[in-house]
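Per-entry structural report
Here are the chains, one letter per residue:
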Amino acid sequence: MTDGVIPAHALDAGFRLGDWIVRPRHGTVESESGAERLEPRVMSALVCMAARPGDTVTREEFIRDVWMGRVVSDEVLSRCISILRSTFDDHAHDPRIIQTIPKIGYRLIAPIQPLELPVPSTVEPAANSVEAPPEPERRGSLLLELRRRNVFRVAAAYGIVGWLLIEVLRRAIEQNAGPGWLPPLATTLVLLGWPIVLTLTWLFEPTKSGFKPSTKVRHGESLADLTGRRLDYVILIALVGALIYALSAPLQRGPSADADMPAAEPNTVAVLPFENLGPGDADDYLSDGLSEELMTRLAAIPGLKVVARTSAFAMKGQAADVREVARRLGVEYVVEGSLRRQGDRVRITAQFIDARRGYEIWSQSFEGSMTEIFEMQDRIALAIVGQLPASLRQLGAQALGDGESPTASIDAYQLFLRGRRQLAIREEGNVRHAIALFEKALEHDRTYTDAWVELAKAQALLPFYSVELPEEMHELALTTIATGAAHDPRVADRARDVTAFIDYSRWRWLDAQRGFDAALAERPGDSNLLQWYSQFLAAVGRSADSLDYALRARSIDVLSPVVNDRLAVAYMWTDQDELAERQFEVSRELGIRIAAQPDAYLLLLLRRGRYDEARTLAMTLQRMFARPTDWLDPFLDYLRGTGSREAAIAALDRAEQERAVSRRYALGAWLFLGEDDRAMQSALELVRDPPEFEVELVFAREADGLRRHPRFGELAKALGLESYWDSTTWPANCRRDRGMITCG
Amino acid sequence: MAVTLALPAAAGEGESHPAPATVIETMTRSTIEALPREGTAMAADPEHYYALARNTLKPFFDLDRAGRVILGPSWVGATAAERDAFQRAFEDYLVTSYAVALRHVTATTLTVAGEPRPVGAAEVLMPVRLVLVDGETLEAELRMRLGPSGWQIWDAGAGGLSVVKLYRGDIGTEAAVHGVARVVDSLRSMAARNRARNTEEARERATTQTRR
């Protein structure tokens, strides 16, 4: 490995990184199997590390060098690293290329070597030599000749000037509604002219008596040198012109760049967080709330897919180009804007942008008092709908309805927005704070439907982020829905997803199914709902469908830690362990903790043979539990193939008798040891306390012995699955034969 | 269990109660001061550590609350006598489980590692750094609640895992399935096994030290 610091220009031309060749100028990384393109920011992060081989680059250094000092969230850097790892097929737990230095940063551990530039031969081949010069020499002399005749300079000057002409023409036509066929024609002509001009440059040279064929130019007659210097000025001036143009029209985009952009899914839109132009961040809740309101309204339009909040808000403060944002979120349109509040007055500016073509479709400013904010939101939403493709316009207008204000109380509305902002941060303190704010909002307006719904959702979610008892909080959430419905019957309908989730948690599968069906019919693009439904499907043995819905959730909410974690688990249940492993890494890079799915993660470690890590995790659990760990090593030794099954069984048996192992882990361990009777005994005992039994595990491949066990019918009945399957459909791998149920 | 719905309050010095960080520092200092000197016969006797845990550490913990949360709905259905028996058995089990580790405590075993994060009007999560017996460092969080006796610890967690939640999955499940009386029996049995093991280990340590 090269030590110390490598100058940036030495890396710019390209460098070897392990078995890969990285070409920063081209934005590509190449291996034997082909080349992959990296986003500019991701490439910058890679170059930033490559410039200091072996050294750890801290988060602050990344921000300084890659984001030019702009404050970005940790998730953004994690995402860059995650993409790089994915590109290099590298893994955080067993790194070959990028090593995570916990709490500090990242470093490259693969060897780095700048690519050597080919040195052109300075020896001219003899004019009358009989023998042809060696191949590299011929290549070197050809390059020199191309350079001497200014072919490269002309190519560069032509390219820049041509691009500039096309862009200016296109902009003029768009602004003046000129003929649409003119820009493509100009592009074609410019492209066709390029080889012709280069051929002429090669064939003719400038002399004092005009252009002459190169073969007829005598020694000392050519003015190619002088022309070359003039061309340098032309290139420089053209570059400055292009730069000025690009800065003055940030939304314009050249045809070559368009070609690089992956096709966005049609009828997709991202509402980016509106910028708060007020002093400080006191009104952030208002600008964020406005974006969320627009998201909610647009998401109600059938056929229009709206990127979820987590992913859209991950772009906050990044100052990224709108096209790049659209590409990362995979959308066709982007809504962005700003909000400024001064006392009771609010000024909102909104833009609707065709992100793929790169131009603003619509832009407007709205101004009014705080009491008019709902009206302004309606006008913005209606204006956006008016710009959508014809097929969506009518549906959009119907979905937006009559624009009824959600509450008559602006105080309630502001408390509601603050609460929703807190709820988006899934930490215990924030969820509790959200609950308090929703309750205060309801003190101002008891008929505020959305506040009742969000309050119930926050209450249902709290047990996942705290030590609150799920059963108690779920009961509280249901009471909230019932109380809300007494004030406004629409609360019950709007909170169907919450009710369905609670039914799922209580193993009331059929009720949950009906609730999810109804909620999904209303809000098919709600990533949280899709993720909950994915959990439900896994629990009722529909693993493939569970994966399908996890993927749907991820397509809407690419940067959500929870959604990515769910996808990892769904991959596990469909036995795609490698994808699951990578997906767990992504969700952890995005900030999720192991504790979100400790059982599934532990299972993954065992599946992948990462026994040392599994041991560390299990040891931590046992130690926190202040329980002996004697059984762990014999068990892991058996899995490693270095210990006997008998020794593992004896150790686990002893541990279970002495209560040195939790029932959940005993069940898993018995399954790994092939002790199906013991496993079934543990399962039937655990199943009596729903919150402690992870139903999804029943359908894991490790639980095969459980599903083929003669008492599986008893378990399926205790879980309530038999009646659910009878009322819906039986999973393809399950059947009932003369009263006995088995699932393959 | 009642849910705290009030806005999070700043977790600093109360009217007359020391702040959470001060409580943790005081607890560590009190433990070290109460520890026997090396080489004394007391050091080899686990009963000494049980007494130390009961007398010195107990005021810093709200075991009553931890026990209620662990039992959950079973607590509501239990009689006063069952609750009392459970609390005593649970305390004895915890003491016999964790107290022997006190012999390794030094000034750096448990240190405050950040500002408290409010999770309710009278509850915070206190980041701490814990050095385990094998030298491994664990970033953990102590859940503390402000009650009439000041800030007290009632749960500990690391990596998002919670000791109370872990116990709820085990002891709480047993109570839900078999009743509180059965849990009390189990806790007593486990405490007795802990005692036997700790005594055996202490004897072995004493023998080893004598040989040296």
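Reading guide: rules and limits
- Residues numbered from 1 in each chain as written.
- Chains lettered and ligands numbered in written order.
- Predicted model: local features only at pLDDT ≥ 70, side-chain atom pairs only at ≥ 80, totals over all residues.
- Helix = DSSP H or I, 4+ residues; strand = E, 2+ residues; numbered from the N terminus.
- Buried ≥ 20, exposed ≤ 12 C-beta atoms within 10 Å, placed from the backbone.
- Contact = placed C-beta atoms within 7 Å.
- Expected span 1.5 Å × (residues − 1).
- Axes fitted to C-alpha atoms, helices over the stretch in contact; angles between N-to-C directions.
- Parallel < 35°, antiparallel > 145°, perpendicular 65-115°, else oblique.
- Left-handed = near helix turned anticlockwise from the far one by under 90°.
- pLDDT = per-residue confidence, 0-100.
- Pairing = 2+ DSSP bridges.
- Arc of directions from axis to C-beta.

Examining the overall build of chain B
Looking only at helices and strands, one finds seven helices and six strands in chain B. Each helix and strand of chain B, placed in order from N terminus to C terminus, yields the pattern α-α-α-α-α-β-β-β-β-β-β-α-α. Considering chain B as a whole, with its 212 residues, one finds that 35% of them fall into the buried category. Contacts spanning at least 24 positions in sequence make up 62% of the contacts within chain B whose residues lie at least 6 apart.

Quick look at the overall build of chain A
Counting its regular elements, chain A contains 34 helices and 18 strands. When burial is assessed residue by residue, chain A has 41% of its 744 residues classed as buried. Within chain A, counting contacts between residues at least 6 apart in sequence, those at least 24 apart form 58% of the total.

Regarding helix α17 (residues 449-465) of chain A
Taking 1.5 Å of rise per residue, 17 residues should cover 24 Å, and α17 of chain A covers 25 Å from first to last C-alpha, within 8% of that figure. Counting buried residues in α17 of chain A gives 15 out of 17 residues, a clear majority hidden from the surface.

Looking at the packing of helix α30 (residues 663-672) of chain A against helix α31 (residues 676-686) of chain A
Residues and elements named next belong to chain A. Direction vectors running N to C along α30 and α31 enclose 155°, while the axes themselves pass 8 Å from each other. In terms of orientation, α30 lies roughly antiparallel with respect to α31. Of the two elements, α30 crosses α31, and the hand of that crossing is left-handed. Between α30 and α31, the residues in contact are R663, R664, A666, L667, W670 and L671 and R678, A679, S682, A683, E685 and L686, respectively.

A closer look at the confidence of the model for chain B
Detailed conclusions should not be drawn from predicted coordinates in areas where pLDDT is low. Residue and element names in this part refer to chain B. When pLDDT is averaged along chain B, the result is 83; 86% of the residues meet or exceed 70. Throughout residues 1-14 the model reports pLDDT below 50, and contacts reaching past four residues in sequence, or to other chains, amount to 38 contacts. Interface confidence for the predicted complex, given as ipTM, is 0.80, next to a pTM of 0.66.

Some points on the pairing of strand β9 (residues 204-207) of chain A
It is a general feature of regular strands that their side chains alternate between the two faces of the sheet. Residues and elements named next belong to chain A. For β9 and strand β10 (residues 210-213), the ladder comprises four bridges, and the chain directions are antiparallel. Among the inter-strand pairings, P206 is bridged to a residue of β10, identified as F211. In textbook terms, the turn of a hairpin is the stretch between consecutive antiparallel strands, and for β9 and β10 this stretch comprises two residues.

Quick word on the sheet that holds strand β4 (residues 34-37) of chain A
Residue and element names in this part refer to chain A. Taking strand neighbours across the sheet as the criterion, the five strands line up as β4-β3-β2-β1-β8 in an open arrangement whose pairing is antiparallel. Only two strands of the sheet have a single neighbouring strand rather than two, namely β4 and β8 (112-114). The average angle at which neighbouring strand axes cross in this sheet is 25°, direction not considered. Sheet analysis places strand β2 (residues 20-23) next to strand β3 (residues 28-31), joined by three bridges and oriented antiparallel. The partner of R23 across the bridge, within β3, is T28.

Regarding the confidence of the model for chain A
Residues and elements named next belong to chain A. In the predicted model, chain A carries a mean pLDDT of 83, and the fraction of residues at 70 or more is 89%. Note that residues 118-138 has pLDDT below 50 and, in this model, 14 contacts with residues that lie over four places away or in other chains. A low-confidence stretch, residues 250-262 stays under pLDDT 50, and its non-local contacts, those more than four residues away or across chains, total 18 contacts.

A few points about helix α29 (residues 645-657) of chain A
All names here are of chain A. In this model α29 runs 18 Å from its N-terminal to its C-terminal C-alpha over 13 residues, within 8% of the 18 Å that 1.5 Å per residue would give. Here α29 has its buried residues at A648, I649, A651, L652 and A655. For α29, the buried positions fall inside an angular range of 165° around the axis, keeping them on one side. Counted as exposed and oriented over 90 degrees from the buried face of α29: E646 and Q657. Tucked inside the fold, the buried residues of α29 contact α28 (632-640) and α30. Following α29 by one or two positions, R659 has its phi on the positive side, about 60°.

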